[in-house]
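One letter stands for each residue in the lines below.
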Amino acid sequence: GRNHSLTCVSRCWSATDPDGSSPERSEPVPVSTTRAWQAAAGQAPDLYARRTMPLSFRPGWPQEHPEQFEQLLGARLTHPTPQQTWRAQFAACETFLAAGLDVSRISSPTLVIHGRDDQIVPVANGRLLAEALPDATYSEIRAAGHVVHLEQPALIAETISSFMNDLHLTHP
């Protein structure tokens, strides 16, 4: 039978036609998010995380789930991502966005999941990616932000499981 893989695609994506032109550009990070990151820059790691991590969730989620948010924040502070890693990720995204990517060459069935209330990557980018992929299934999750897998874990697990089961039935 055919081998299948489940791949997480980077969120910094830009459409590119095979001829190198870019008919649809992904949208940039919202200005309000960028300003919040800039305003928190230079602060101690715990203050920076406390001020910026809520942007990863849909608006209101941290207030509605304070214990879970504090647990996730604690884990982030216990095992912080080094600044050089963040800088490298942002630099890679900038380079990637400038160059674009011809995703029309990806022939594998692909599941694109995006949180409708993502404050970091505009939901239009997920839609554009799914439209550009030749064999994509798009799932937009209501009441979820950038870390949709943390906000809606059961729904994400069901979405992936359903996609994989359908894939097995249609591509044995």
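Keep in mind the model is a prediction, meaning the values are calculated, not measured. (Residues numbered from 1 in each chain as written. Predicted model: local features only at pLDDT ≥ 70, side-chain atom pairs only at ≥ 80, totals over all residues. Heavy atoms only, no water.)

### Examining the pattern of salt bridges
Here the structure, examined in full by the defined rule, presents 4 salt bridges. Where Arg-50 meets Glu-70, a salt bridge forms, and the shortest distance between an N and an O atom there is 2.8 Å. Within this pair, whereas Arg-50 is found in helix 2 (residues 45–52), its partner Glu-70 is found in helix 4 (residues 66–78), the two being separated by 20 residues in sequence. The class for Glu-70 is partly exposed, based on a relative accessible area of 37%. We note a salt bridge from Arg-58 to Glu-64, for which the minimum N-O separation is 2.5 Å. When its relative accessible area of 14% is taken as the criterion, Arg-58 is described as buried. One continuous salt-bridge network, built from bridges that share partners, spans Arg-116, Arg-127 and Glu-140. (Salt bridge = Lys/Arg side-chain N within 4 Å of Asp/Glu carboxyl O. Helix = DSSP H or I, 4+ residues; strand = E, 2+ residues; numbered from the N terminus. Buried < 20%, exposed > 50% of the residue type's maximum accessible area, 1.4 Å probe, protein only.)

### Quick notes on unusual backbone geometry
Positive phi, close to 55°, is recorded for Ala-143, a residue that is not glycine. Along the polypeptide, Ala-143 turns up in the loop between strand 2 (136–141) and helix 7 (148–151).

### Some thoughts on the pairing of strand 2
Pairing of strand 1 (residues 110–115) with strand 2, which is carried by 6 bridges, proceeds in the parallel orientation. The residue bridging Gly-115 from the neighbouring strand is Ile-141, located in strand 2. Each parallel crossover has a hand, and the one from strand 1 via helix 6 (residues 123–132) to strand 2 is right-handed. (Pairing = 2+ DSSP bridges. Right-handed = clockwise from strand over helix to strand, strands pointing away.)

### Description of the packing of helix 2 against helix 4
Helix 4 packs onto helix 2 with a crossing angle of 140° between their chain directions and a minimal axis gap of 10 Å. Regarding the angle of helix 2 to helix 4, the classification is oblique. The way helix 2 lies across helix 4 gives a crossing that is right-handed. Of helix 4, the residues touching helix 2 (which contributes Pro-45, Asp-46, Tyr-48, Ala-49, Arg-50 and Thr-52) are Phe-69, Glu-70, Leu-73, Arg-76 and Leu-77. (Axes fitted to C-alpha atoms, helices over the stretch in contact; angles between N-to-C directions. Parallel < 35°, antiparallel > 145°, perpendicular 65-115°, else oblique. Left-handed = near helix turned anticlockwise from the far one by under 90°. Contact = heavy atoms within 4.5 Å.)

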